[in-house]
Amino acid sequence: MSALLEVEGVAKRFGGVAAVDDCSLEVPEGTVTALIGPNGSGKTTLFNIITGYLPADSGAIRFEGKRVNRPDPARLYRSGLTRTFQQARVFPSLTLIENLVAAIHQSWRSLLRARVSPSDHERAREVLDQFGLLRLAERRAGELSFGQRKLLEFGAVLMGRPRLVLLDEPTSGVNPVMVEEMERHIRSLREEGLTFLVVEHDMNLVMRLCNPVIVLDHGTKIAEGQPDEVRNDPGVLDAYLGA
């Protein structure tokens, strides 16, 4: 499989601490690729670099074979690369429909300048229906449960019909029923051709959902392979257990 995303020699330091250290990895097209590692291993920092929320000190990022110079979240969203966050980012005072439309335009101000177009409204309803939230379409996002906010943010990143979605701990803080629902959505979307890079601490979920699995420790890749290979890798066990 060809690589949809390529990260080559990326580094980021905060003072004297190397958060990401000469990290290279690839995300094959059509996969649900996991990015795992102990707390503080650099996963979220790397996500922030890939998606333009944090500049790298060095290295290169390529998406669809093209180098991404000065990554910018809005431009990347429009080109087909987007992400979610550990804490769901939604506009609590806006309705669910308005939240999804704001994701397309990358600015809540766009909602103040013009009414929601029929095509945007139709697309938003389609996404809400896909996530079982259509009945709440005109409710304010602030009224949702934590799990429902996670689903709304997931839906928002799909509004632009992306090719690659980076999910940052999609099941963190949600109940087992919501974990199953999130897994079902990821599997269904992958079957439709969407590619994922997932940071997740639920190892049971990772082992049954993701392939390949990439492991970071101290900001660099220490292992990569199929779930069973990674689970039994001595270096990975040392990183997690401190042996």
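A. Spotlight on empty space enclosed by the protein. Across all of its chains, the model carries one cavity of 30 Å³ or more by this definition. Taken as a whole, the largest cavity spans an internal volume of roughly 40 Å³. With three residues, the single largest contributor to the lining of the largest cavity is helix H6 (residues 146-158). Taken together, the residues of the lining of the largest cavity sort by class into five nonpolar, one polar and two charged.

B. Structural view of the packing of aromatic side chains. This structure, assessed with the given rule, holds three aromatic pairs. Note on Tyr 53 and Phe 85: the rings are 5.3 Å apart at their centroids and 85° apart in plane angle, and the pair reads as edge-to-face. Of this pair, Tyr 53 sits in the loop between helix H1 (43-50) and strand S4 (58-63) while Phe 85 is found in the loop between strand S6 (81-83) and helix H3 (96-105), placing the two residues 32 residues apart along the sequence. Assessed through its relative accessible area of 11%, Phe 85 is described here as buried. Feature note: the residues Phe 131, Phe 154 and Phe 196 constitute an aromatic cluster, connected by ring pairs. Seen from the ring of Phe 85, Arg 83 lies directly overhead, with NZ or CZ sitting 4.0 Å from the centre. Its end group placed over the ring of Phe 85, Arg 89 keeps NZ or CZ at 3.7 Å from the ring centre.

C. Seen up close, the nonpolar core. Core analysis: the largest hydrophobic core is formed by 47 residues, its most contacted members being Leu 152, Phe 154 and Phe 196. Among the elements that line this core, the one with the most residues is H6, at six residues. In terms of nonpolar packing, the next biggest core, distinct from the first, is built from 25 residues, Leu 46, Leu 197, Ile 214 and Leu 216 among them.

D. Here's a closer look at the environment of Asn 48. Position of Asn 48 among the secondary structure elements: in helix H1. Residues Asn 48 and Arg 83 lie 35 residues apart in sequence; the distance between their C-alpha atoms is 9.4 Å. Once you skip the residues sitting within four places of it in the chain, Asn 48 turns out to touch Tyr 53, Leu 54 and Arg 83. There is a polar contact of 2.5 Å between the side chain of Asn 48 and the side chain of Arg 83.

E. Region of the structure containing unusual backbone geometry. Here the residue pair Asn 211 and Pro 212 is connected by a cis peptide bond, since its omega of 10° sits within 30 degrees of zero. Positioned with a positive phi, Asp 22 is a non-glycine residue whose angle comes to about 50°. Within the secondary structure, Asp 22 is located in strand S2 (residues 17-28). The phi angle at His 218 is positive, at roughly 50°, despite the residue not being glycine.

F. Spotlight on the packing of H6 against helix H7 (residues 176-191). One can describe the packing of H6 onto H7 by two numbers: an axis separation of 11 Å at closest approach and a directional angle of 10°. Comparing their axes, H7 and H6 come out roughly parallel. Judged by the sense of rotation from one axis to the other, the crossing of H6 with H7 is right-handed. Contacts between H6 and H7 involve Gly 147, Gln 148, Lys 150, Leu 151, Phe 154 and Leu 158 on the former and, on the latter, Met 178, Glu 181, Met 182, His 185, Ile 186 and Leu 189. Broken down by class, the residue content of the contact of H6 with H7 amounts to seven nonpolar, three polar and two charged.

G. Fine view of the pairing of strand S8 (residues 195-199). In terms of residue burial, S8 counts as a mostly covered element, since five of its five residues are buried. In this structure, strand S3 (residues 32-36) lies alongside S8, joined through four bridges in parallel fashion. Paired with Thr 33 across the strands is Leu 197, a residue of S8. Pairing between strand S7 (residues 164-168) and S8: five bridges, direction parallel. Of the residues in S8, the one forming a bridge with Leu 167 is Val 198.

H. Local environment of the sheet that holds strand S1 (residues 3-14). In spatial order, the strands read S2-S1-S4-S5; together these four strands make up an open sheet with antiparallel pairing. Two strands bound the open sheet, and with one partner strand each, they are S2 and strand S5 (66-67). One ladder, built from five bridges, connects S1 with S4; its direction is antiparallel. The residue of S4 that forms the bridge with Ala 11 is Ser 58. Sitting on the sheet, H1 touches S1, S2 and S4, and the angle it makes with S1 is about 115°.

Procedures and definitions
Residues numbered from 1 in each chain as written. Predicted model: local features only at pLDDT ≥ 70, side-chain atom pairs only at ≥ 80, totals over all residues. Heavy atoms only, no water. 1 Å grid on protein atoms, 1.4 Å probe; cavity = no way out; pocket = protein on both sides within 12 Å on 5 of 7 lines; lining within 4 Å. Points joined across faces, edges and corners; volume = space filled by probe spheres on them. Helix = DSSP H or I, 4+ residues; strand = E, 2+ residues; numbered from the N terminus. Nonpolar A, V, L, I, M, F, W, Y, C, P; charged D, E, K, R; others polar. Phe/Tyr/Trp six-rings, centres within 6.5 Å; stacked < 30°, edge-to-face > 60°. Buried < 20%, exposed > 50% of the residue type's maximum accessible area, 1.4 Å probe, protein only. Lys NZ or Arg CZ within 6 Å of the ring centre and 35° of its normal. Core = buried A, V, L, I, M, F, W, Y, C linked by side-chain atoms within 4.5 Å. Contact = heavy atoms within 4.5 Å. Polar contact = N/O pair within 3.5 Å; in protein donor to acceptor, adjacent residues only side chain to side chain. Axes fitted to C-alpha atoms, helices over the stretch in contact; angles between N-to-C directions. Parallel < 35°, antiparallel > 145°, perpendicular 65-115°, else oblique. Left-handed = near helix turned anticlockwise from the far one by under 90°. Pairing = 2+ DSSP bridges.

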